[in-house]
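Descriptive structure summary
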Amino acid sequence: MNILLINGPNLNLLGTREPEIYGNKTLNDIEKDLIKVAKDKSINLECFQSNHEGEIVDKIQNSVKSIQGILINAGALTHTSISIRDALIGSKVPFVELHISNIFSREEFRKESFLTDKAIGIISGFGITSYFLALEGIIEFLNSKK
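These lines cover the structure that appears in this document, whether it is placed above or below. Everything numeric here is computed off the predicted structure, so don't read it as measured data.

Rules used throughout
Residues numbered from 1 in each chain as written. Predicted model: local features only at pLDDT ≥ 70, side-chain atom pairs only at ≥ 80, totals over all residues. Heavy atoms only, no water. Helix = DSSP H or I, 4+ residues; strand = E, 2+ residues; numbered from the N terminus. Rg over C-alpha atoms; globule rule 2.2 N^0.38 Å. Buried < 20%, exposed > 50% of the residue type's maximum accessible area, 1.4 Å probe, protein only. Contact = heavy atoms within 4.5 Å. Areas by Shrake-Rupley, 256 points an atom, 1.4 Å probe, with all protein chains shown as cover. Pairing = 2+ DSSP bridges. Core = buried A, V, L, I, M, F, W, Y, C linked by side-chain atoms within 4.5 Å. Expected span 1.5 Å × (residues − 1). Arc of directions from axis to C-beta. Polar contact = N/O pair within 3.5 Å; in protein donor to acceptor, adjacent residues only side chain to side chain. Axes fitted to C-alpha atoms, helices over the stretch in contact; angles between N-to-C directions. 1 Å grid on protein atoms, 1.4 Å probe; cavity = no way out; pocket = protein on both sides within 12 Å on 5 of 7 lines; lining within 4 Å. Points joined across faces, edges and corners; volume = space filled by probe spheres on them. Nonpolar A, V, L, I, M, F, W, Y, C, P; charged D, E, K, R; others polar.

On to the overall build of the chain, then. Along the chain, the regular secondary structure elements total five helices and five strands. What you see in the chain, going N to C, is helices and strands ordered as β-α-α-β-α-β-α-β-β-α. Its C-alpha atoms give the chain a radius of gyration of 14 Å, near enough to 15 Å, the size a compact globule of 146 residues would have. Taking all 146 residues of the chain together, 44% fall into the buried category. Of all intrachain contacts in the chain linking residues separated by at least 6 positions in sequence, the fraction that spans at least 24 positions is 75%. When the accessible area of the chain is evaluated, it comes to approximately 7300 Å², of which 51% is carbon and sulfur surface.

Next up, the structure:
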């Protein structure tokens with residue numbers, strides 16, 4: 001089984017960006033740990049990060065034939081990107097939306113997500129553990145569809 005993890009803008013700054021909200025681990029640290037967990041479950045996890053909306057859209061479109069699920073932390077694009085929403089819908093690949101912080105307890109503009117209503121689930125507010133919960137969730141979902 002192949003799963004794609006997508007991280008959006010500014011997530012490359014994890015470990016230094018607002019550690020009181022996002023923690024001290026880098027994105028590279030998180031990805032290494034996730035890949036190990038996935039491998040232990042015989043899952044291939046590909047990780048991708050971009051600060052550019054179009055690159056994320058391209059990655060989704062170019063991955064459709066080789067993946068069974070998507071984990072996405074679109075960062076700020078969660079609240080603004082119709083093109084990422086449309087790419088996810090068009091891919092017909094099940095996806096889990098995830099966030100490190102609880103987007104529903106933050107600024108008003110962060111409470112709106114263009115992805116949530118199309119996601120199979122959303123994990124938000126558990127720090128970097130959100131990534132691991134999202135991985136478990138999509139694996140369980142995909143296994144239930146076999």
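Let us now look at the pairing of strand 3 (residues 69-73). Counting buried positions along strand 3 yields five of five residues, so the element is predominantly enclosed. Of the two faces of strand 3, the one carrying Gly69, Leu71 and Asn73 and the one carrying Ile70 and Ile72 are both buried. As judged from the five bridges shared by strand 1 (residues 2-7) and strand 3, these two strands associate in the parallel manner. Counterpart to Asn7 in the pairing with strand 3 is Asn73.

What follows deals with the nonpolar core. In terms of nonpolar packing, the biggest core is built from 21 residues, with Ile3, Leu5, Leu14, Leu34, Leu71, Tyr131 and Leu135 touching the most fellow members. If you list the elements that add at least two residues to this core, you get strand 1, helix 2 (27-40), strand 4 (95-99) and helix 5 (129-144). Element by element, the count of residues in this core is highest for helix 5, at six residues. Membership of the second largest hydrophobic core comes to 18 residues, among which are Val57, Ile60, Ile70 and Val93.

Here we come to helix 5. The terminal C-alpha atoms of helix 5 lie 23 Å apart, and with 16 residues this matches the ideal 22 Å at 1.5 Å per residue to within 8%. Listed as buried for helix 5 are Ser130, Tyr131, Ala134, Leu135, Ile138, Ile139 and Leu142. Looking down the long axis of helix 5, one finds its buried residues gathered within 165° of arc, a one-sided arrangement. Exposed residues pointing more than 90 degrees away from the buried face of helix 5 are listed as Glu140 and Ser144. Tucked into the core, helix 5 has its buried residues touching strand 1, helix 2, strand 3, strand 4 and strand 5 (121-124).

Another point: the side chain of Ser63. Within the secondary structure layout, Ser63 lies in helix 3 (residues 53-63). For Ser63, a relative accessible area of 3% corresponds to the buried category. A polar contact is formed between the side chain of Ser63 and the backbone oxygen of Lys59, at a distance of 2.7 Å.

Here the focus is the sheet that holds strand 2 (residues 44-49). A sheet is described by the order of its strands in space; here five strands give the open sequence 2-1-3-4-5, paired in parallel fashion. Sheet topology places strand 2 and strand 5 at the edges, where each strand pairs with a single neighbour. Neighbour to neighbour, the strand axes of the sheet diverge by 20° on average, direction disregarded. In this structure, strand 4 lies alongside strand 5, joined through four bridges in parallel fashion. Each residue of the ladder has a partner; that of Glu97, found in strand 5, is Ile122.

Reported here for the largest pocket is a volume of approximately 180 Å³. Forming the walls of the largest pocket are 16 residues, and the residues nearest its centre are Arg17, Tyr22, Gly75, Ala76 and Arg110. Among the residues forming the lining of the largest pocket, the class breakdown is six nonpolar, seven polar and three charged.

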